[in-house]
Amino acid sequence: MHNLPPFAMQHQLTHAQQQTLALAAVFQATQLVHVIAMSNSKQLGEAGRQHIKMLIQAALNIRTGENPNPDSLVFFQSLNALNLGLQTLEQSLVMPYDPHPKAPHEKLKLKNPKPALNYAMALLHLSAKVYRNPEQQQKINKTQQHILRQLAFFDYQYQHHSIIAALAQLYSETASTLTPKIMVKGSKDAFQDSHDVALIRALLFTGLQAAHYWRNLGGSPWKMIFAKGKILRDIRHLAELQHFQQQIEIKPESL
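Residues numbered from 1 in each chain as written. Predicted model: local features only at pLDDT ≥ 70, side-chain atom pairs only at ≥ 80, totals over all residues. Heavy atoms only, no water.

A. Expanded view of the overall build of the protein. A count of helices and strands for the protein gives 12 helices and zero strands. Each helix (α) and strand (β) of the protein, taken in turn from the N terminus, gives the series α-α-α-α-α-α-α-α-α-α-α-α. Each of the 255 residues in the protein was classed as buried or not, and the buried ones make up 49%. Within the protein, contacts between residues at least 6 apart in sequence are counted, and of these 81% link residues at least 24 apart. Approximately 13500 Å² of the protein is accessible, and the part contributed by carbon and sulfur atoms is 54%. (Helix = DSSP H or I, 4+ residues; strand = E, 2+ residues; numbered from the N terminus. Buried < 20%, exposed > 50% of the residue type's maximum accessible area, 1.4 Å probe, protein only. Contact = heavy atoms within 4.5 Å. Areas by Shrake-Rupley, 256 points an atom, 1.4 Å probe, with all protein chains shown as cover.)

B. Geometry of unusual backbone geometry. With omega at 0 degrees, the peptide bond leading from Thr179 into Pro180 counts as cis. By secondary structure assignment, the location of Pro180 is in the loop between helix H8 (161–173) and helix H9 (188–192). One non-glycine residue, Gln77, adopts positive backbone phi at about 75 degrees. Counting through the fold element by element, Gln77 comes out in the loop between helix H4 (73–76) and helix H5 (83–94). The class of Gln77 is partly exposed, set by a relative accessible area of 45%.

C. Fine view of helix H6 (residues 114–130). Over its 17 residues, H6 runs 24 Å from end to end, which matches the ideal 24 Å to within 8%, given 1.5 Å per residue. If you check which residues of H6 are buried, you get Ala116, Tyr119, Ala120, Leu123, Leu124, Leu126, Ser127, Ala128 and Val130. Its buried side turned inward, H6 meets helix H2 (15–38), H5, helix H7 (134–153), H8, helix H10 (194–216) and helix H11 (221–226). (Expected span 1.5 Å × (residues − 1).)

D. Molecular detail of the environment of Gln91. Looking at where Gln91 falls in the secondary structure, it is placed in helix H5. Assessed through its relative accessible area of 14%, Gln91 is described here as buried. A C-alpha to C-alpha distance of 6.6 Å links Gln91 and Pro113, two positions 22 residues apart in sequence.

E. Expanded view of the packing of aromatic side chains. Under the definition given, this model contains five aromatic pairs. Summarising the aromatic geometry, the rings of Phe75 and Tyr213 are spaced 4.9 Å apart at their centres and angled 70 degrees between planes, so their arrangement reads as edge-to-face. Of this pair, Phe75 sits in helix H4 while Tyr213 is found in helix H10, placing the two residues 138 residues apart along the sequence. When sorted by exposure, Phe75 lands in the same class as Tyr213, which is buried. (Phe/Tyr/Trp six-rings, centres within 6.5 Å; stacked < 30°, edge-to-face > 60°.)

F. Local environment of the packing of helix H3 (residues 45–61) against H10. Where H3 meets H10, the closest approach of the two axes is 9 Å, and the angle between their N-to-C directions is 55 degrees. On the basis of the axis angle, H3 is oblique to H10. Every pair of crossing elements has a handedness; the one defined by H3 and H10 is left-handed. Of the residues in H10, those in contact with Ile52, Leu55, Ile56 and Ala59 of H3 are Leu199, Leu203, Phe205, Thr206 and Gln209. A class-by-class count of the residues in the contact of H3 with H10 yields seven nonpolar, two polar and no charged. (Axes fitted to C-alpha atoms, helices over the stretch in contact; angles between N-to-C directions. Parallel < 35°, antiparallel > 145°, perpendicular 65-115°, else oblique. Left-handed = near helix turned anticlockwise from the far one by under 90°. Nonpolar A, V, L, I, M, F, W, Y, C, P; charged D, E, K, R; others polar.)

G. Structural context of the packing of H8 against H10. Orientation of H8 relative to H10, taken along the N-to-C sense of each, is 60 degrees, at an axis distance of 7 Å. For the element pair H8 / H10, the angle class is oblique. Classified by chirality, the crossing of H10 by H8 is left-handed. Side by side, H8 and H10 meet where Ile164, Leu167, Ala168, Leu170, Tyr171 and Ser172 of the first sit next to His195, Ala198, Leu199, Arg201, Ala202, Leu204 and Phe205 of the second.

H. Main features of the nonpolar core. Judged by nonpolar contacts, the single largest core of 75 residues is most densely connected at Phe76 and Leu89. In this view, Phe76 contacts Leu21, Ala22, Ala25, Met54, Ala58, Ile62, Ala81, Leu82, Ala210 and Tyr213; residues no more than four positions away in its chain are not counted. (Core = buried A, V, L, I, M, F, W, Y, C linked by side-chain atoms within 4.5 Å.)

Encoded structure:
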């Protein structure tokens, strides 16, 4: 029997909270796309690179045509790994009427979340089109298996340039063939860097996969609009759980 951490034993996430985590993964991908497009990938730092790695791992393990695992953390690893996405999602929902929502722990200062919101909404709609197309589903499944074999050759470096290039090409051959296309806005310098361009497309694919998983869990754009208050409550509850988990990790266990 596996020894579960105290967090896992004491807190069971609801289905709605699982949906919120999947939606946060979409927003995490699009926020990273926005940051890279406005500057470059070098500005992400170690935290940003870890966010990208998690998203790529999840994208390669979310399958089309299969019953989804109802536990979002199987794919997205931990609440902390989705911290950026949860923050971006929250700010996208509360602006402009509540630009400074209260939280139990300090948050990263994010700039205007509107671009990430626009990209995320486009991905939510594109995911439905992509996964209604049997040929595109087959293309995604085959490419996933090919990349997973490549990873062993590249010593499981998820951000190896060949892995990024393969994911970028997959996005170009699936979602990018549909309308409306996602037009990413950014600096001229960012779009002159071929690696950053490929990374942006690869991240859009990870967001597409997260959007597909969110839909499989019962999410829909209409629910996002009309259940905004419920999603916000779930985000803030998840923030409290994350804070609680962090407190457990830093405090010595009392005997």
